[in-house]
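Coordinate inspection notes
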Amino acid sequence: MISIDLNADLGEGFGRWRLTDDEQLLSVVTSANVACGFHAGDAATMRRVCESAAERGVRVGAQVSYRDLAGFGRRAMDVPSTELAAEVAYQIGALEVFARAAGTRVSYVKPHGALYNRVVHDEEQAAAVVDGVLLADASLPVLGLPGSRFLKVAEGAGLPAVTEAFADRAYTDQGTLVPRGQDGAVITDADSVVERSVGLALAGSVVSRSGERVAVRARSLCLHGDTPGAVELARRVRAELAASGVRVEAFV
């Protein structure tokens, strides 16, 4: 049977402000990418999400980012490699404290936003993120785009590399994500997102923005928690995957 992991970005609030419906999404997904305070999230939020994830058996992942609270981690930044590696390790370590206290652990690492897209092509920044993961825990899997420099560098360093796809993001003909600033970059039609999810799981492909079918073979499927109606959409995706014979389970 084909299986796939469902992950979502969670804990993306700060102080009294909350963006994601963490409790409801944790009842659907199998892996939680938890913001570690650099693009969103704070200590209390990290603790709360880790506790809820542990109660539900959802895997906890560190969603590491550039230090960019004001821009939600989506602004391009130039950070020296040694500094970036240290900041990645710092974020993982912070989340690990709360994961351990909740009776679980950080099970993987996923870059966020501008950092995620940067390490698709930038080998130097990719190596810095990998160095940060190695500094924190050399056994941690990393999530990234198929064919990215990040996953290649991670594999070369001995880290388990896990491919990821996005049902609610438009793809280029090269299999990369259409930048958010461009029209149509985010898929908002629920029926389309559900259909794309099943296609990615069963066929390992998706139709690009230009209409070309592009191979995107992934072990994990991301559902953005900040999308309007994210909870109901996630439920629909999981139900349709099950109805199509796809087993939904964590990759770790």
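Scope of this entry: the structure provided in the associated data block. On a predicted model such as this, the values are computed, not experimentally measured, just so you know.

Next up on the list: the packing of helix α5 (residues 123–136) against helix α6 (residues 149–156). Remark: α5 packs on α6, axes separated minimally by 9 Å, with the N-to-C direction vectors making an angle of 50°. Between α5 and α6, the angle falls in the class oblique. Considering only the axes of α5 and α6, their crossing is right-handed. Together, Glu123, Ala126, Ala127, Val129 and Val130 of α5 and Arg149, Phe150, Val153 and Ala154 of α6 make up the contact between the two elements. Within the contact of α5 with α6, the residues separate by chemical class into seven nonpolar, no polar and two charged.

A few words now on empty space enclosed by the protein. Counted under the stated rule, the structure contains one cavity of 30 Å³ or more. In this structure, the largest cavity encloses a volume near 40 Å³. Lining the largest cavity, in full, are Asp168, Leu223, His224, Thr227, Ala230, Leu233 and Ala234. Its residues assigned to classes, the lining of the largest cavity comprises four nonpolar, two polar and one charged.

Locating Val193 in the fold gives a position in helix α7 (residues 190–203). A C-alpha to C-alpha distance of 19 Å links Val193 and Ile2, two positions 191 residues apart in sequence. If near-sequence neighbours (up to four positions away) are discounted, Val193 is found in contact with Ala167, Asp168, Ile187, Leu233 and Val237.

This part covers the packing of aromatic side chains. Overall, the coordinates contain three aromatic pairs when judged by the stated rule. With a centroid separation of 6.0 Å and 45° between ring planes, the pair formed by Phe38 and Tyr90 is classed as tilted. Remark: Tyr90 occurs in helix α3 (residues 81–101) and Phe38 occurs in the loop between β2 (31–35) and α2 (43–56); sequence separation between them is 52 residues. Look at Tyr90 and you get exposed, because its relative accessible area is 56%. A ring pair is formed by Tyr116 and Phe166, whose centres lie 5.6 Å apart and whose planes are at 90°; its orientation type is edge-to-face. Taken as a pair, Tyr116 in helix α4 (residues 113–121) and Phe166 in strand β6 (residues 161–166) lie far apart in primary sequence, 50 residues in all.

A few words now on the packing of α4 against α5. Look at α4 against α5: their axes get within 6 Å of each other, and the N-to-C directions meet at 120°. As the angle between them shows, α4 and α5 are arranged oblique. In this structure, the crossing between α4 and α5 has a hand that is left-handed. Of the residues in α5, those in contact with Leu115, Arg118, Val119 and His121 of α4 are Glu123, Gln125, Ala126 and Val129. Residues that form the contact of α4 with α5 fall into these classes: four nonpolar, two polar and two charged.

Moving on to α6. If you check which residues of α6 are buried, you get Phe150, Leu151, Val153 and Ala154. Buried residues along α6 cover an arc of 165° about the axis, so they all sit on one side. Every exposed residue of α6 that faces more than 90 degrees away from the buried side is listed here: Glu155 and Gly156. Lining the buried residues of α6 we find β4 (106–111), α4, α5, β5 (142–144) and β6. Once α6 ends, the next one or two residues include Gly158, with phi positive near 90°.

Attention now moves to the pairing of strand β9 (residues 220–223). Looking along a regular strand, one sees the side chains alternate between the two faces of the sheet. Of the two faces of β9, the one carrying Ser220 and Cys222 and the one carrying Leu221 and Leu223 are both buried. Bridge count between strand β1 (residues 3–10) and β9: four bridges; the pairing is parallel. Across the sheet, Ala8 pairs through a bridge with Leu223, a residue of β9. One ladder, built from three bridges, connects β6 with β9; its direction is parallel. When the sheet's bridge partners are listed, Glu164 is paired in β9 with Ser220.

Each value, and the rule that gives it
- Residues numbered from 1 in each chain as written.
- Predicted model: local features only at pLDDT ≥ 70, side-chain atom pairs only at ≥ 80, totals over all residues.
- Heavy atoms only, no water.
- Axes fitted to C-alpha atoms, helices over the stretch in contact; angles between N-to-C directions.
- Helix = DSSP H or I, 4+ residues; strand = E, 2+ residues; numbered from the N terminus.
- Parallel < 35°, antiparallel > 145°, perpendicular 65-115°, else oblique.
- Left-handed = near helix turned anticlockwise from the far one by under 90°.
- Contact = heavy atoms within 4.5 Å.
- Nonpolar A, V, L, I, M, F, W, Y, C, P; charged D, E, K, R; others polar.
- 1 Å grid on protein atoms, 1.4 Å probe; cavity = no way out; pocket = protein on both sides within 12 Å on 5 of 7 lines; lining within 4 Å.
- Points joined across faces, edges and corners; volume = space filled by probe spheres on them.
- Phe/Tyr/Trp six-rings, centres within 6.5 Å; stacked < 30°, edge-to-face > 60°.
- Buried < 20%, exposed > 50% of the residue type's maximum accessible area, 1.4 Å probe, protein only.
- Arc of directions from axis to C-beta.
- Pairing = 2+ DSSP bridges.

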